[in-house]
Amino acid sequence: MILLTKTSKERFLLNHNQIECIETIPETRVVMMNHDYYLVQESVEEIVKKIAEYNAKVLDIRREVSVMDKRRK
């Protein structure tokens, strides 16, 4: 999830996996898969950067957690 700021200055977490598209109208409008949308202060570039950073963190966590089977066969 990424942290965004509505045009009303309210901050909220958004599940980026549910984003259908992002429009600039001139505000940034994030349209969700269910067709709801949010007008946010962040630019498209900032949102894409936040998504990339979040995904990188998730991948790093996956790398740190490894299950090793030490049972002998």
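Heads up: the structure comes first, above all this text.
Everything numeric here is computed off the predicted structure, so don't read it as measured data. (Residues numbered from 1 in each chain as written. Predicted model: local features only at pLDDT ≥ 70, side-chain atom pairs only at ≥ 80, totals over all residues. Heavy atoms only, no water.)

K.L.:
Before we move on, can you summarise the packing of aromatic side chains with the specific residues and values?
P.N.:
The geometry of two aromatic rings is summed up by the distance between their centres and the angle between their planes. Applying the stated criterion across every chain, the model contains one aromatic pair. Ring plane angle 35 degrees and centroid distance 4.9 Å describe the contact between Phe12 and Tyr38, whose orientation is recorded as tilted. Here Phe12 is found in strand β2 (residues 11–14), whereas its partner Tyr38 is found in strand β5 (residues 37–40), with 26 residues between them in sequence. Overall, Phe12 belongs to the buried group, its relative accessible area being 12%. (Phe/Tyr/Trp six-rings, centres within 6.5 Å; stacked < 30°, edge-to-face > 60°. Helix = DSSP H or I, 4+ residues; strand = E, 2+ residues; numbered from the N terminus. Buried < 20%, exposed > 50% of the residue type's maximum accessible area, 1.4 Å probe, protein only.)

K.L.:
For the sheet that holds strand β4 (residues 28–32), give the residues involved together with the corresponding values.
P.N.:
Strand order across the open sheet formed by three strands is β3-β4-β5, with antiparallel pairing between neighbours. Each having just a single partner strand, β3 (19–24) and β5 make up the two edges of the open sheet. Going across the sheet, the axis of each strand differs from the next one's by a mean of 20 degrees, ignoring polarity. (Pairing = 2+ DSSP bridges. Axes fitted to C-alpha atoms, helices over the stretch in contact; angles between N-to-C directions.)

That is the geometry; function is a separate question.
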